[in-house]
Amino acid sequence: MSPHDPPTLLVLYGSQTGTAQDTAQRLARQAQRRRVQVCLSPLDGYNVAELISESLVVFVCSTTGQGEPPDNMKNFWRFLFRKSLPVGSLSRLDCAVLGLGDSSYPKFNFVAKKLHKRLQQLGACTLLPVGLADDQHDLGSDAVVDPWLQAFWDKVLSLYPTLRNVLPLREDEPLPPSFTFHFLDGVSEQTEDRLWTDPPSSAPSPSQPFPARMLSNRRVTEASHFQDVRLIEFDITHSHMEFTAGDVVMMRPRNSAEDVRQFCELLRLRPDSVFTLSATGSAAVPSRLPRPCTVRHLVESYLDVAAVPRRSFFELLASFASNELERDKLAEFSSAAGQDELHGYCNRPRRTALEVLADFPHTTAELKADYLLDLFPEIQPRSFSIASSLQAHPNRLHILVAVVQYRTKLYRPRRGLCSSWLASLDPASSVNSEVSVPLWVKKGSLRFPVQKERPVIMVGPGTGVAPFRAALQERIAEGKTANVLFFGCRSESKDFYFRTEWEDMRSAGHLVLFTAFSRDQEEKVYVQHRVRENAALLWDLVANQNACFYIAGNAKQMPASVRDALKEVFQQEGRLTAEQAQEMLEAMERTGRFQSETWS
């Protein structure tokens with residue numbers, strides 16, 4: 001490529017929760033400020049065959065599950081790893097890869113590392129070492145992202161020296177909005193949930209979810225227990241939904257009526273106002289928004305106003321501020337030097353975007369509606385392990401939901417958006433109308449053996465037991481009775497989920513059950529203790545009967561502790577060294593005999 005031609009920068013992202021998308025958008029804004037032509041797209045929205053003719057591309061991607069690419073880059077991933085692609089096919093391409101990950105997971109930034117290597121195999125010139133941002137860092141991903149982006153621009157300027165002569169836009173000068181709002185007078189509110197009214201002809205999808213009627217929403221923890229956990233049942237008759245044990249159900253939550261009211265008040269918007277959107281550049285108008293749409297629907301179902309805002313939120317907010325005090329504070333929060341201050345104000349106490357707007361009233365008053373979709377990300381879908389089998393409960397789908405609520409230094413308790421929304425839905429009190437939740441299903445990471453005689457060992461403390469309830473219902477219906485479950489919770493009397501079901505399965509000879517109630521005695525007992533105590537049984541099942549071993553639950557200490565306990569079993573009963581035990585566990589992982597599904 002000629003050093004005299006200003007490049008068109010292509011920024012492609014693979015994002016599951018919106019973090020990689022936000023970082024990609026930040027890079028695109030930096031390009032705009034430097035007056036560099038830029039095109040931004042999710043990886044699956046880009047025609048990958050055109051990659052051979054690109055000259056400058058940045059890939060921003062996260063890693064999901066057990067080293068899987070995000071949903072919106074899976075087609076790209078499959079194409080790029082075709083064995084038929086010629087080795088030098090990307091020899092014209094200068095590129096860089098930035099990964100966003102969490103080092104508490106075993107396959108930290110696996111997708112970014114693998115993508116970087118594959119691009120090199122295909123002949124691309126990688127301008128920088130792969131960036132490996134870590135959410136576990138005290139300052140979050142930005143601790144790696146900031147210096148990586150600076151290094152990227154330094155490299156671009158060395159490749160294209162003419163860009164040094166271009167005067168960039170000032171930081172306090174707002175970029176044009178991505179969309180323009182056109183408010184319509186005299187247009188009434190439409191029915192805005194674009195859901196099926198007739199039975200669908202195909203399986204539900206993110207763009208066309210199925211409105212599943214909620215049949216029951218029952219608390220399964222004792223009333224005095226600190227944690228509210230719900231077993232929720234949906235009717236999926238005529239939905240064409242199919243799922244097996246280990247699969248997950250997806251849904252998009254909604255903001256509370258109170259948050260919608262407060263947001264509209266702060267921005268002086270009428271909830272019933274009706275508008276249409278038009279794009280100002282190459283970005284597509286979000287297909288999920290009805291046309292026309294009301295402000296209420298936009299805020300309730302699309303804008304993530306209850307999330308903890310990212311740094312980009314403060315960068316954009318700062319460009320509108322005319323009040324000196326607010327402008328200085330927002331500029332500090334936007335700067336690399338101010339990240340510790342920002343984390344103390346926002347991330348650590350989990351302050352929401354809505355609360356930030358209330359803290360900066362002068363700047364909020366200056367916000368124009370046109371910038372709402374630039375300022376607030378879209379509400380991302382949430383996933384829940386399906387806790388039932390169609391073989392035991394035809395046309396039904398169950399989920400087990402812990403309602404997230406906790407305190408920080410802020411006055412109001414922090415609440416999980418999706419779990420709080422689900423908990424607020426009460427089918428019993430809706431006399432005149434049904435309560436329905438738009439759903440779709442996707443494959444989970446857990447796979448259970450098809451062989452009838454092969455045993456399974458499942459470790460699922462707390463709500464981690466949900467996929468194992470589905471597995472047990474499915475396996476027992478298929479005559480597979482070699483099942484072992486380790487369940488843990490705080491108290492036998494307060495949060496022992498599905499107790500009668502487990503006892504019935506045990507009585508019928510379909511289940512071996514081990515429990516760990518951590519707070520029912522002076523010394524805390526956890527599932528990993530029960531694993532060690534039953535070393536002889538587990539060694540026999542794994543070494544002699546080819547059993548599969550599963551872990552599901554919170555990603556903090558439990559998965560690592562159970563892994564360590566299992567390796568101790570191998571050492572004790574199999575007379576293996578620590579190194580041999582580790583190799584045995586890794587071999588089980590490679591062959592799918594050791595699987596885990598954890599969440600943070």
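An unreviewed UniProt entry annotates the protein as NADPH-dependent diflavin oxidoreductase 1 of Salarias fasciatus. Taken from UniProt, the Subcellular location (unreviewed entry) comment for the protein reads in full: "Cytoplasm, Perinuclear region".

**Points about the UniProt feature "binding site: NADP(+)" (unreviewed entry) in the protein**
This chain's UniProt record puts "binding site: NADP(+)" (unreviewed entry) on Thr463, Ser518, Arg519, Lys524, Val525, Tyr526, Val527 and Gln528. When you line up the elements, serine 518 lands in the loop between strand S20 (512-517) and helix H16 (527-533). On the accessibility criterion, serine 518 (4% relative accessible area) is buried. Beyond its immediate chain neighbours, meaning those up to four positions away, serine 518 contacts Cys489, Arg490, Glu523, Lys524, Val525 and Tyr526. Once residues within four sequence positions are removed from consideration, tyrosine 526 is found in contact with Ala516, Ser518 and Arg519.

**Describing the side chain of aspartate 304**
Its location among the elements puts aspartate 304 in the loop between helix H6 (295-301) and helix H7 (311-318). One buried charged residue, aspartate 304, remains without a salt bridge, the closest side chain of opposite sign being arginine 382 at 4.8 Å. With near-sequence residues (within four places) excluded, aspartate 304 lies in contact with Phe376, Pro377, Glu378, Ile379 and Leu417.

**Thoughts on the UniProt feature "domain: Flavodoxin-like" (unreviewed entry) in the protein**
Within this structure's numbering, the places UniProt gives as "domain: Flavodoxin-like" (unreviewed entry) are residues 9-153. Segment residues 9-153 splits into 32% helix and 23% strand. End C-alpha atoms: 11 Å apart.

**Focus: the pairing of strand S18 (residues 456-459)**
Both faces of S18 are covered, namely the face carrying Val456 and Met458 and the face carrying Ile457 and Val459. In this structure, S18 lies alongside strand S19 (residues 483-489), joined through 4 bridges in parallel fashion. When the bridges of S19 are listed, isoleucine 457 appears paired with valine 484. Between the parallel pair S18 and S19, the chain is carried across by helix H14 (residues 466-477), and the sense of this crossover is right-handed. In this sheet, strand S21 (residues 548-554) lies alongside S18 in parallel orientation, the contact comprising 4 bridges. Within the sheet, the bridge partner assigned to valine 456 lies in S21 and is cysteine 548.

**Thoughts on the environment of phenylalanine 234**
Locating phenylalanine 234 in the fold gives a position in strand S9 (residues 229-235). Of the residues examined, phenylalanine 234 reaches a relative accessible area of 0% and is grouped as buried. Linking phenylalanine 234 and threonine 591, residues 357 residues apart in sequence, is a C-alpha distance of 35 Å. If we skip the residues at most four places from it in the chain, phenylalanine 234 touches Ala212, Arg213, Met214, Leu215, Asn395, Arg396, Leu397, Ile399, Val437 and Leu439.

Rules used in this analysis
Residues numbered from 1 in each chain as written. Predicted model: local features only at pLDDT ≥ 70, side-chain atom pairs only at ≥ 80, totals over all residues. Heavy atoms only, no water. UniProt positions renumbered as here; feature names shortened; annotations may be inferred. Helix = DSSP H or I, 4+ residues; strand = E, 2+ residues; numbered from the N terminus. Buried < 20%, exposed > 50% of the residue type's maximum accessible area, 1.4 Å probe, protein only. Contact = heavy atoms within 4.5 Å. Lys, Arg positive; Asp, Glu negative; His and termini not counted. Salt bridge = Lys/Arg side-chain N within 4 Å of Asp/Glu carboxyl O. Pairing = 2+ DSSP bridges. Right-handed = clockwise from strand over helix to strand, strands pointing away.

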